[in-house]
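Close look at the chain arrangement
Take a look at the letters that make up each chain.
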Amino acid sequence: MNSLTKFLIEELLDTKKTVALYGGGFKPPTRGHFTVAKKTLEDFPEIDELKILVGGGVRDGITQDESLQIWNIYKKYLSNKVSVEPSASPVKSILNYAKENPDIKVYWILGAREGDEDDLKDIENRTRSIEKYPNLEVKIITTAGGVSGTKTRTAIKSGNKEQFLHMIPDIDHREQDQIWNLVEPVIKEGFMNDIKTKFNKFISAVIVTGK
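Treat the numbers as computed from the prediction; the structure is a model and nothing was measured.

Here's the deal with the overall build of the protein chain
Per the secondary structure count, the protein chain includes eight helices and five strands. The N-to-C order of helical and strand elements in the protein chain reads α-β-α-β-α-β-α-β-α-β-α-α-α. Counting over 211 residues, the protein chain shows a buried share of 39%. Long-range pairs, those at least 24 residues apart, make up 75% of the contacts in the protein chain with a sequence separation of at least 6.

Remarks on the packing of aromatic side chains
Under the criterion given, the structure shown has seven aromatic pairs. Taking 6.4 Å as the distance between ring centres and 80° as the angle between the ring planes, the aromatic pair formed by Tyr22 and Trp71 counts as edge-to-face. One end of the pair, Tyr22, is in strand 1 (residues 18-24); the other, Trp71, is in helix 3 (residues 64-74), and 49 residues separate them in sequence. Judged by relative accessible area, Tyr22 falls into the buried class, the value being 4%.

What to know about helix 2 (residues 31-43)
With 13 residues, helix 2 extends 18 Å from end C-alpha to end C-alpha; this agrees with the ideal 18 Å at 1.5 Å per step. Looking only at helix 2, the buried set comprises His33, Phe34, Val36, Ala37, Thr40 and Leu41. Each buried residue of helix 2 lies within a common arc of 155° when the element is viewed along its axis, so the set occupies one face. The elements touched by buried residues of helix 2 are strand 1, strand 2 (49-55), helix 3, strand 3 (82-87), strand 4 (105-113) and strand 5 (136-143). The residue sitting at the N-terminus of helix 2 and contributing the capping side-chain oxygen is Thr30; that oxygen lies 3.2 Å from the backbone nitrogen of Gly32.

A few points about the pairing of strand 5
The sheet contact formed by strand 4 and strand 5 spans eight bridges and is parallel. Following the sheet pairing, Trp108 is matched in strand 5 by Val138.

Definitions and limits used
- Residues numbered from 1 in each chain as written.
- Predicted model: local features only at pLDDT ≥ 70, side-chain atom pairs only at ≥ 80, totals over all residues.
- Heavy atoms only, no water.
- Helix = DSSP H or I, 4+ residues; strand = E, 2+ residues; numbered from the N terminus.
- Buried < 20%, exposed > 50% of the residue type's maximum accessible area, 1.4 Å probe, protein only.
- Contact = heavy atoms within 4.5 Å.
- Phe/Tyr/Trp six-rings, centres within 6.5 Å; stacked < 30°, edge-to-face > 60°.
- Expected span 1.5 Å × (residues − 1).
- Arc of directions from axis to C-beta.
- Polar contact = N/O pair within 3.5 Å; in protein donor to acceptor, adjacent residues only side chain to side chain.
- Pairing = 2+ DSSP bridges.

The structure is reproduced here in structure tokens:
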């Protein structure tokens, strides 16, 4: 069977494996991120796997490791189709996966907050090269509400646990407490280190200028 015949048969019978990839920084993963993953599984039941790719980097003390731990808690409330993996660069990982697996139908899952033009512009910028990957399809999942990683970290910095709990999924309260106890110390430590760094820079500038 030549490749053209194989392609036509797969298209007619839709026998290709379908893998959805949802990547991001997730510092930390919020209610909105969880909803995107949940809606992906609901809207596209043909998906065989949903891979959540967690980016590197640090935001206010939250690292990839904390984000992976939180997603692994959320995963229990989603599906056995879901896996959580670290990625140095989620966008690059998604494009490479599509390139390296031409026989797999790949859905690139992107979340957008309802009415948020910045989210749509960001999606447009990130997906400019998609035409190079014939097996890759962009799927935009729109969610209501304006929860963001920045707002969630701000709630943690201020010690507002009640507000924070509204920004993560409505899961078992013991696991919500587990997540709070995971992120609150690292956010506080990161916040204090940032203050110390700024203070030291200020003192250095005063010594240099003599003012």
